[in-house]
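Topology and contacts: notes
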Amino acid sequence: MTKKHPAIQIDDLTVAYDYKPVLWDIDLVIPDGVLMAIVGPNGAGKSTLIKAILGIIEPIAGSVQVFGEPYKKQVDKVAYVPQKGSVDWDFPTTALDVVMMGTYGSLGWIKRPGQKEKKAALEALEKVGMLEFKSRQISQLSGGQQQRIFLARALVQSASIYLMDEPFQGVDATTEKAIINILKELRQAGKTLIVVHHDLQTVPEYFDWVTFLNVKGIASGPVKDIFNDDNLTKTYGINYKVAVNK
Amino acid sequence: MGLSEFFTDYTLRNITLGTSILGAICGMLGSFAVLRKQSLLGDAISHAALPGIALAFLITGVKDANFILIGALISGLVGTFWIKGIVKRTRLKSDTALGLILSLFFGFGMLLLTFIQKMPNANQAGLDKYLFGQAATLMEEDVWVMAIVTGISLLVLLLFWKELKLLLFDPDYTKTLGFNTRFLDILITTFIVLAIVLGLQTVGVVLMSAMLLAPAAAARQWTNSLGVMIVLASIFGAFSGVFGTAISASQDNLSTGPVIVLVAAAFVIVSFIFSPERGLLFREIRFRRNRRELHLKKTLTFMYHIVKEHDNISRPHAIRILNNFQGYTRKTLNKLEDERFVRIEGNQWSMTQEGFNEAESIYNQLGNKND
């Protein structure tokens, strides 16, 4: 069933917070198994697009389908890595506990996590290189470490689609390398990854698929075909002689 | 007043039990309010309950504590969901919405109270005790109601522990996992409103929010675990109730509500200063100790640079030349001598082998980090 449908299909999606639309009439098909960057200037609606896919924000019009069905029916297939700054890291809990939260969805209401969930969380921590910090209070982690914890929490969900909101924001080069390696590994395993990304320089190196967004959808497709000056100019407004040709 | 009277005197026993249960439930649910950054919500809710108290009396015509409780509950809930509605539907920020609803409801409540006081049948005198609370009016039934509500909220908390924790930390993520965050939000908010309404008779509209926040704020200082924090907050709250009642009972003319709040405030002050990890005192001590150590290290590496230029590391140098170095004080030099890193003779200093090794290792460590 999953192979017939694209990972995500968006039709006529429009979202507005006040009067001004943040996303206008987006049509987007994200094929199964791509590692995709969403790029666009500030205020282009990149985070909003992710939140609309996840049902965090109600759209004014349009529909989102995950493997051919509404998100609500597919929650167990999708994992979300929010922006690091979206939570208060002074919350009284440990790194392991945050990663365990990734298991809550499959547990469902009321049921408590047990040994099996703990084991999964520890494995995810090891994968992101954070095992030694498992008992650390989360406010005592560096920004890059916090980002890895969020990634580990999503890994625990063992989903088919991963939506990530700026996972490289404010992390050091080591963490960036570690994260991109995990993303590439996930794609090898057939997962679909959708990543809000800011650094245009690294798009060709990291991703195989790209979506240009600036309130409207500008273009979407394989990086090698559509990541060019023309689309960058359309998206960012000014002529972008990026390092693509280099 | 002896200790035994606490448990034999009927009124006093009720008050002590009532205030300690109240403190416990407030500490428990207050932890959620504090961690959701809704500290002021408690204040708005308690003030919003006032018109409900007055209306309950006007409608039923009797001063029955249960009717009044229900009136307060309804009006508190209405106020709370209006606040949430305003924040969601307008561009007003939550502090504005809180202030607006708080003063609007409180003003309306005061208006009704004045109106009631001017009414011919005088048996209503005493509704204004809900402003500052009067623990002495606590009956055994009231204590039972408190105990039952506390029991239910504890049960709900244990049942939905995982979901509520998730909601506190990351509401958006909670939603993406398929949990109904609206239900969870209404659940926890309703219990917070219940706890506040329960305390109105004892502590009063004006001071109630302190009961909710103080034990939780104090508890947060001592632990990094949500579970421990909630248990501690309940204990602090319960002790505030017991101590506050004891203090006010031992003196004439000390009303119980304010004394309880002051005891809770004392818990906060002590916790803010003396808690080992987050407390001001130990933070200041750690800060100073670190600075001192850094001074020593900086001075030692500065001296190391001078010494390195010469073949003989223990060759004496004039102390005067250290004056060029900004972090240098005579005290750090003496400290270095105590550590046997340097020797001082008259106006001259020389480095020991130990000091040289130490400086070299500090230098290498910091040097490597910069690469």
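Basis of the calculations
- Residues numbered from 1 in each chain as written.
- Chains lettered and ligands numbered in written order.
- Predicted model: local features only at pLDDT ≥ 70, side-chain atom pairs only at ≥ 80, totals over all residues.
- Heavy atoms only, no water.
- Helix = DSSP H or I, 4+ residues; strand = E, 2+ residues; numbered from the N terminus.
- Rg over C-alpha atoms; globule rule 2.2 N^0.38 Å.
- Contact = heavy atoms within 4.5 Å.
- Lys, Arg positive; Asp, Glu negative; His and termini not counted.
- Charge placed at Lys NZ, Arg CZ, Asp CG, Glu CD.
- Areas by Shrake-Rupley, 256 points an atom, 1.4 Å probe, with all protein chains shown as cover.
- Pairing = 2+ DSSP bridges.
- Axes fitted to C-alpha atoms, helices over the stretch in contact; angles between N-to-C directions.
- Parallel < 35°, antiparallel > 145°, perpendicular 65-115°, else oblique.
- Left-handed = near helix turned anticlockwise from the far one by under 90°.
- Nonpolar A, V, L, I, M, F, W, Y, C, P; charged D, E, K, R; others polar.
- Domains from an automatic or database assignment.
- Patch = residues over 30% accessible without salt bridge, like charges linked within 9 Å, V, L, I, M, F, W, Y side chains within 5 Å.
- Salt bridge = Lys/Arg side-chain N within 4 Å of Asp/Glu carboxyl O.
- Buried < 20%, exposed > 50% of the residue type's maximum accessible area, 1.4 Å probe, protein only.
- Core = buried A, V, L, I, M, F, W, Y, C linked by side-chain atoms within 4.5 Å.
- Buried area = accessible area lost by both parts, 1.4 Å probe.
- Polar contact = N/O pair within 3.5 Å; in protein donor to acceptor, adjacent residues only side chain to side chain.

1. Quick look at the overall build of chain A
Scanning chain A from terminus to terminus reveals 9 helices and 9 strands. Its C-alpha radius of gyration of 18 Å places chain A within 12% of the 18 Å reference for a compact globule of 246 residues. Seen through its principal axes, chain A has C-alpha atoms that stretch 50 × 40 × 35 Å. Within chain A, counting contacts between residues at least 6 apart in sequence, those at least 24 apart form 68% of the total. Charge centroids of chain A, computed over 28 positive and 27 negative side chains, lie 4 Å from each other.

2. Re the overall build of chain B
When you go through chain B residue by residue, the secondary structure sums to 17 helices and 3 strands. Relative to the 2.2 N^0.38 estimate, which gives 21 Å for 371 residues, the radius of gyration of chain B is 30 Å and therefore markedly larger than a compact globule would have. If one aligns the C-alpha atoms of chain B with their principal axes, the spans along those axes are about 100 × 55 × 40 Å. Taking contacts inside chain B between residues at least 6 apart in sequence as the whole, the part at least 24 apart equals 70%. Taken as a whole, chain B presents about 18600 Å² of accessible surface, with 62% of it coming from carbon and sulfur.

3. Side note on the sheet that holds strand 1 (residues 317-318) of chain B
Residue and element names in this part refer to chain B. Spatially, 3 strands are ordered 1-3-2 in an open sheet, and the strand pairing comes out antiparallel. The open sheet has two edge strands, strand 1 and strand 2 (342-345), and neither has a second partner. Relative to strand 3 (residues 348-351), strand 2 runs antiparallel, the two being bridged by 4 bridges. Bridge pairing in strand 3 links Ile-344 to Trp-349.

4. Remarks on the sheet that holds strand 8 (residues 209-214) of chain A
Residue and element names in this part refer to chain A. Here we have 6 strands laid out as an open sheet, ordered 5-6-7-3-8-9, and mixed in their pairing. In this open sheet, the two edge strands, each paired with only one partner strand, are strand 5 (78-81) and strand 9 (216-222). Adjacent strand axes in the sheet meet at a mean angle of 15°, parallel and antiparallel pairs treated alike. Relative to strand 7 (residues 192-196), strand 6 (residues 161-165) runs parallel, the two sharing 5 bridges. Within strand 7, the position partnered with Ile-161 by the bridge is Thr-192. On top of the sheet, helix 5 (residues 143-156) reaches strand 5 and strand 6; it is set at about 170° to strand 5, its chief contact. Together, strand 3 (35-39), strand 8 and strand 9 form the strand contacts of helix 9 (residues 229-236), whose direction differs from that of strand 8 by roughly 30°.

5. Concerning the packing of helix 11 (residues 181-203) of chain B against helix 12 (residues 208-220) of chain B
Residues and elements named next belong to chain B. Packing of helix 11 against helix 12 brings their axes to within 8 Å, and their N-to-C directions diverge by 120°. One way to sum up the angle between helix 11 and helix 12 is to call them oblique. The two elements helix 11 and helix 12 cross, and the hand of that crossing is right-handed. Packed against helix 11, whose contacting residues are Ile-192, Ala-195, Ile-196, Gly-199, Leu-200 and Val-203, the element helix 12 presents Met-208, Met-211 and Leu-212 at the interface. Each residue belonging to the contact of helix 11 with helix 12 can be placed in one class, and the counts come to 8 nonpolar, 1 polar and no charged.

6. Thoughts on the domain arrangement of chain B
For chain B, the domain assignment lists domain 1 (3-278) and domain 2 (284-370). Each of domain 1 of chain B and domain 2 of chain B has a C-alpha centre, and these two points are 58 Å apart.

7. What to know about a negative patch on the surface
All names here are of chain B. On the surface, a cluster of negative charge is contributed by Glu-293, Glu-337, Asp-338, Glu-339, Glu-354 and Glu-358. Mapped onto the secondary structure, Glu-337 falls in helix 16 (residues 330-338). Given a relative accessible area of 32%, Glu-337 falls into the partly exposed group.

8. Quick look at unusual backbone geometry
Glycine aside, a negative phi is what most residues show, and trans is what most peptide bonds show. Residue and element names in this part refer to chain A. The backbone phi angle of Glu-166 is positive, close to 50°, even though this residue is not glycine. Mapped onto the secondary structure, Glu-166 falls in the loop between strand 6 and helix 6 (173-188). A relative accessible area of 10% places Glu-166 in the buried class.

9. Let's talk about the nonpolar core
Considering soluble globular proteins, one finds that nonpolar side chains tend to be buried as a cluster. Ranked by size, the top nonpolar core spans 167 residues in total, and within it A:Ile8, A:Leu49 and A:Leu183 carry the most contacts. For this core, the element with the highest residue contribution is helix 11 of chain B, accounting for 12 residues. The residues touching A:Ile8, leaving out its near neighbours within four places in the chain, are A:Leu28, A:Val29, A:Ile30, A:Ile53, A:Val64, A:Gln65, A:Val66, A:Ile161, A:Leu163 and A:Ile194.

10. What about the pattern of salt bridges?
A complete count under the given rule lists 13 salt bridges over all chains for this structure. A salt bridge links B:Arg220 to A:Asp90, with the shortest nitrogen-to-oxygen separation between them at 3.5 Å. Within this pair, whereas B:Arg220 is found in helix 12, its partner A:Asp90 is found in the loop between strand 5 and helix 2 (95-100), the two belonging to separate chains. With a relative accessible area of 6%, B:Arg220 lands in the buried category. Where A:Lys119 meets A:Glu123, a salt bridge forms, and the shortest distance between an N and an O atom there is 3.7 Å. Residue A:Lys119 and its partner A:Glu123 are located together in helix 4 (residues 115-127), separated by 4 residues, close to a single helical turn.

11. With respect to a positive patch on the surface
Residue and element names in this part refer to chain B. Taken together, the side chains of Arg-283, Arg-286, Arg-289, Arg-292, Lys-331 and Lys-335 define a basic patch exposed on the protein surface. Counting residues per element, the ones that place at least two in the positive patch are helix 15 (280-308) and helix 16. Here the positive patch takes 4 residues from helix 15, the largest share from any one element. Secondary-structure assignment places Arg-286 in helix 15.

12. Here's the deal with the interface of chain A and chain B
The partner chain B presents 31 residues to the 35 residues of chain A that form the contact. Both faces combined, the contact of chain A with chain B buries some 2900 Å², and carbon together with sulfur accounts for 61% of it. Across the pair A:Asp88 and B:Lys37 runs a salt bridge whose closest N-O atoms are separated by 2.6 Å. Linking chain A with chain B are 15 residue pairs in polar contact (both at pLDDT 80 or more), by the criterion used here. Of all the secondary structure elements, the ones that give two or more residues to the side of chain A that touches chain B are helix 2, helix 3 (104-107) and helix 5 of chain A. The element best represented in the side of chain A that touches chain B is helix 3 of chain A, accounting for 3 residues. Along the lines of polarity and charge, the residues of the side of chain A that touches chain B split into 19 nonpolar, 8 polar and 8 charged.

13. Notes on the packing of helix 4 of chain A against helix 5 of chain A
All names here are of chain A. The geometry of helix 4 relative to helix 5 is characterised by a closest axis approach of 9 Å and an angle of 135° between their N-to-C directions. For the element pair helix 4 / helix 5, the angle class is oblique. Both helix 4 and helix 5 take part in a crossing whose hand is right-handed. Seen from helix 4, the contacting residues are Ala-120, Ala-121, Ala-124, Leu-125 and Lys-127; seen from helix 5, they are Ile-149, Ala-152, Leu-155 and Val-156. Taken together, the residues of the contact of helix 4 with helix 5 break down into 8 nonpolar, no polar and 1 charged.

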